[in-house]
Structures are given as structure tokens and as C-alpha cells.
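Structure assessment
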Amino acid sequence: TEDAATTTVLNISCPLRDLGFFGEGGEGIWCLTGSETLSCHHWESAQTLCTFGYETRDKLGVEYLMGCVWNQGKLRLLAGKGGDVAVYNVD
């Protein structure tokens, strides 16, 4: 059954737009929402590792969040303004 197959449930409090795995063993999940927020979670324990709310765009000086990549042992956020794209470390 679906209940028996469910291993973890995460509540990100907004409609999900995109997600991906990160970490050396893929133990983390990053989630982007339709309202331009980012949250990171440990998927097995469902623990929230970090949350970046609506104000993140203003703090970074960007208009939209595009996604995340795991690169060289770090989670990086891709964000844009107009036609420019910037890459930020997610700490």
C-alpha cells in the first residue's frame, strides 16, 4: 500500500515548484516553491536544515530563484535578474 511505501513526509508550507537531492550520499533535498522560497531538508529524518523566505530575493538583489546544484561539495543556488544569472553558496 501507499502507507507502507511512505518513508518520509516533508511540509514545506507552499506549493512545490522544483526539488533535487544534494550531499555526498544524496541525503539532502532542496525545495523551491512557487512563491520563490528555498528550503533544505535531511530526507530520512525530515529535519529542516535551512529555510530562505521571500526576503531572500531582495537580500541577494535578484528577481527569481532558478534551482540548485551540488558542485564541489557545496550546494549552490542559481538565481537571476533580467537576463543575468548568479550562483550563490547555500550555507
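Going by the structure above, here's the rest.
As a starting point, this report considers the structure included with it.

Cut-off values and rules
Residues numbered from 1 in each chain as written. Predicted model: local features only at pLDDT ≥ 70, side-chain atom pairs only at ≥ 80, totals over all residues. Heavy atoms only, no water. Pairing = 2+ DSSP bridges. Helix = DSSP H or I, 4+ residues; strand = E, 2+ residues; numbered from the N terminus. Axes fitted to C-alpha atoms, helices over the stretch in contact; angles between N-to-C directions. Phe/Tyr/Trp six-rings, centres within 6.5 Å; stacked < 30°, edge-to-face > 60°. Buried < 20%, exposed > 50% of the residue type's maximum accessible area, 1.4 Å probe, protein only. Salt bridge = Lys/Arg side-chain N within 4 Å of Asp/Glu carboxyl O.

Let's shift gears to the pairing of strand β1 (residues 16-22). The pairing of β1 with strand β2 (residues 28-33) spans six bridges and is antiparallel. In the strand pairing of β2, D18 is matched with L32. In this structure, the hairpin formed by β1 and β2 is closed by a connection of five residues, where G23 is found at a positive phi of approximately 105°.

Looking now at the sheet that holds strand β5 (residues 64-71). The strand order β5-β6-β7 describes an open sheet built from three strands, whose pairing is antiparallel. The open sheet has two free edges, formed respectively by β5 and β7 (84-89), since each of these has just one partner strand. Strand-to-strand twist across the sheet, computed as the mean angle between neighbouring axes with direction ignored, equals 25°. Bridge analysis of β5 against strand β6 (residues 74-81) gives seven bridges, and the strand direction is antiparallel. Bridging from a neighbouring strand, L65 pairs with A79 of β6.

On to the packing of aromatic side chains. Counted under the stated rule, the structure contains one aromatic pair. An angle of 35° between the planes, with centres 6.0 Å apart, marks the rings of F22 and W70 as tilted. On the criterion of sequence distance, the pair formed by F22 in strand β1 and W70 in strand β5 is long-range, its members being 48 residues apart. Given the relative accessible area of 12%, F22 is considered buried. Classification of W70 as partly exposed rests on a relative accessible area of 34%.

Turning to the pattern of salt bridges, a few remarks are in order. Under the defined criterion, the tally for this structure stands at one salt bridge. For E36, the salt bridge goes to R17, with nearest N and O atoms at 2.9 Å. Of the two residues, E36 sits in the loop between β2 and β3 (38-42) while R17 sits in strand β1, which places them 19 residues apart along the sequence. For E36, a relative accessible area of 13% gives the class buried. For R17, a relative accessible area of 37% corresponds to the partly exposed category.

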